[in-house]
Amino acid sequence: SQTIHQWPATLVQPVGSPLSLECTVEGTSNPNLYWYRQAAGRGLQLLFYSVGIGQISSEVPQNLSASRPQDRQFILSSKKLLLSDSGFYLCAWNPGGGYEQYFGPGTRLTVT
Amino acid sequence: QKEVEQNSGPLSVPEGAIASLNCTYSDRGSQSFFWYRQYSGKSPELIMFIYSNGDKEDGRFTAQLNKASQYVSLLIRDSQPSDSATYLCAVRGFYFGTGTSLTVIP
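Residues numbered from 1 in each chain as written. Chains lettered and ligands numbered in written order. Predicted model: local features only at pLDDT ≥ 70, side-chain atom pairs only at ≥ 80, totals over all residues. Heavy atoms only, no water.

(A) The arrangement of the overall build of chain A in detail. The helix and strand inventory of chain A stands at zero helices and 11 strands. Ordered by position from N to C terminus, the α and β elements of chain A give β-β-β-β-β-β-β-β-β-β-β. Radius of gyration (C-alpha) of chain A: 13 Å, near the 13 Å computed for a compact globule of 112 residues. Projecting the C-alpha coordinates of chain A onto the three principal axes gives extents of approximately 40 × 25 × 20 Å. Looking at the 112 residues of chain A, the share that counts as buried comes to 48%. Here chain A has roughly 5,300 Å² of accessible surface; of this, 52% comes from carbon and sulfur atoms. Charge-centre separation for chain A: the mean point of 7 positive side chains lies 10 Å from the mean point of 6 negative side chains. (Helix = DSSP H or I, 4+ residues; strand = E, 2+ residues; numbered from the N terminus. Rg over C-alpha atoms; globule rule 2.2 N^0.38 Å. Buried < 20%, exposed > 50% of the residue type's maximum accessible area, 1.4 Å probe, protein only. Areas by Shrake-Rupley, 256 points an atom, 1.4 Å probe, with all protein chains shown as cover. Lys, Arg positive; Asp, Glu negative; His and termini not counted. Charge placed at Lys NZ, Arg CZ, Asp CG, Glu CD.)

Spelled out as structure tokens, the structure:
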């Protein structure tokens, strides 16, 4: 069966510091991978998605970036965090060709 | 206009009642619709998807889709306290509503 992991689970970072969140999927190959952010009181916002190694599409221009260095690894990064980057970051995957989303446990980020 | 709209609630129903959750969407060309359940502090989990007009049943859950009116709904029969959560509607896979909070009162 497929499993999706995210780490860290929680993170407190000062404004202006860098960020690196990691997501890995086990038990499948060539998954579509997604990064979402859920801010307090707001819906899920799609940030990036990837259909293959090195292929990244950005939905929202901002100070975040994503990379997919391996088939089942997806990384979300920032060079300088803003207060507005606080939120619940969720990685999701699905088999190629589908639209359903299978979410990881998430990373709760607080920027202070 | 938001892509996907849901009544934020909260919606409260007594145990054993039917809970009805609604969602409207703006893109008339949308073809795929999903319902997710999110417990407080947890990540969303997929409960149902529907692609065709009409009803789709899975256990106590029924998804209803009306493309002409651009709405999709989720009915939960025999609601249980464990159904208390926020229910998210998603259209075309990635566009989520803000969710409806449901509380089932024992």
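(B) The arrangement of the side chain of Thr100(B) in detail. Residue and element names in this part refer to chain B. One can find Thr100 in strand β11 (residues 100-105). Within polar-contact distance, the side chain of Thr100 engages the backbone oxygen of Asn7 at 2.3 Å. Beyond its immediate sequence surroundings of up to four residues, Thr100 is in contact with Gln6, Asn7, Ser8, Gly9, Leu11, Leu21, Ala85, Thr86 and Tyr87. (Polar contact = N/O pair within 3.5 Å; in protein donor to acceptor, adjacent residues only side chain to side chain. Contact = heavy atoms within 4.5 Å.)

(C) Structural detail: the sheet that holds strand β1 (residues 3-7) of chain A. Residue and element names in this part refer to chain A. Reading across from one edge, β1-β3-β8-β7 is the order of the four strands in this open sheet, with antiparallel pairing throughout. Every other strand in the sheet has two partners, leaving β1 and β7 (64-70) as the edge strands with one partner each. Neighbour to neighbour, the strand axes of the sheet diverge by 20° on average, direction disregarded. With five bridges connecting them, β1 and strand β3 (residues 19-26) associate as antiparallel partners. Bridge assignment links Thr3 to a residue of β3, and that residue is Glu26. (Pairing = 2+ DSSP bridges. Axes fitted to C-alpha atoms, helices over the stretch in contact; angles between N-to-C directions.)

(D) Molecular detail of the pairing of strand β8 (residues 71-76) of chain B. Residues and elements named next belong to chain B. Among the six residues that make up β8, five are buried, leaving the element largely enclosed by the rest of the structure. Pairing between strand β3 (residues 19-25) and β8: six bridges, direction antiparallel. Bridge pairing in β8 links Asn22 to Ser73. Here strand β7 (residues 61-66) pairs with β8 via six bridges, running antiparallel. If you follow Leu65 over to β8, its bridge partner there is Val72. Connecting the antiparallel pair β7 and β8 is a turn made up of four residues, with Gln70 showing a positive phi of about 60°.

(E) Looking closely at the nonpolar core. Residue and element names in this part refer to chain B. Membership of the largest hydrophobic core comes to 23 residues, with the highest contact counts inside it found for Trp35, Val72, Leu74, Ile76 and Tyr87. For this core, the secondary-structure elements that each account for two or more residues are β3, β4 (33-38), β5 (45-50), β7, β8, β9 (85-91) and β11. For Tyr87, the residues in contact, after removing those within four places along its chain, are Gln6, Leu21, Trp35, Tyr36, Arg37, Ile47, Leu74, Ile76, Gly99, Thr100 and Leu102. (Core = buried A, V, L, I, M, F, W, Y, C linked by side-chain atoms within 4.5 Å.)

(F) How the structure looks around the interface of chain B and chain A. In this assembly, 17 residues from chain B lie in contact with 18 residues from chain A. Carbon and sulfur atoms supply 62% of the area that chain B and chain A bury against each other, a total of about 1,300 Å² over both sides. The tally of links from chain B across to chain A stands at three residue pairs in polar contact (both at pLDDT 80 or more). Within the residue set of the side of chain B that touches chain A, elements represented by two or more residues are β4 and β10 (95-96) of chain B. Element by element, the count of residues in the side of chain B that touches chain A is highest for β4(B), at three residues. Its residues assigned to classes, the side of chain B that touches chain A shows eight nonpolar, seven polar and two charged. (Buried area = accessible area lost by both parts, 1.4 Å probe. Nonpolar A, V, L, I, M, F, W, Y, C, P; charged D, E, K, R; others polar.)

(G) Layout of the pairing of strand β2 (residues 10-13) of chain A. Residue and element names in this part refer to chain A. Alternating positions in β2 separate cleanly, Leu11 and Gln13 being buried on one face and Thr10 and Val12 remaining unburied on the opposite face. Of the pairings in the sheet, the one linking β2 to strand β11 (residues 107-111) comprises four bridges and is parallel in character. When the sheet's bridge partners are listed, Leu11 is paired in β11 with Leu109.

(H) Local environment of the packing of aromatic side chains. Taken as a whole and judged by the stated rule, the model has 18 aromatic pairs over all chains. Ring centres of Phe103(A) and Phe96(B) lie 6.1 Å apart, and the angle between their planes is 70°; this geometry places the pair in the edge-to-face category. Of this pair, Phe103(A) sits in strand β10 (residues 102-103) while Phe96(B) sits in strand β10, on two different chains. The burial state of Phe103(A) is the same as that of Phe96(B); both residues are buried. Look at Phe34(B) and Tyr51(B): their rings are 6.2 Å apart centre to centre, the planes differ by 75°, and that puts the pair in the edge-to-face class. Highlighted residues: Phe34(B) in strand β4 and Tyr51(B) in the loop between β5 and β6 (54-58), separated in sequence by 17 residues. Taken together, the ring pairs connect Tyr34(A), Tyr36(A), Tyr49(A), Tyr99(A), Phe103(A), Phe34(B), Tyr36(B), Phe49(B), Tyr51(B), Phe94(B), Tyr95(B) and Phe96(B) into an aromatic cluster. If you follow Lys56(B) out to its NZ or CZ, it ends over the ring of Phe49(B), 3.5 Å from the centre. (Phe/Tyr/Trp six-rings, centres within 6.5 Å; stacked < 30°, edge-to-face > 60°. Lys NZ or Arg CZ within 6 Å of the ring centre and 35° of its normal.)

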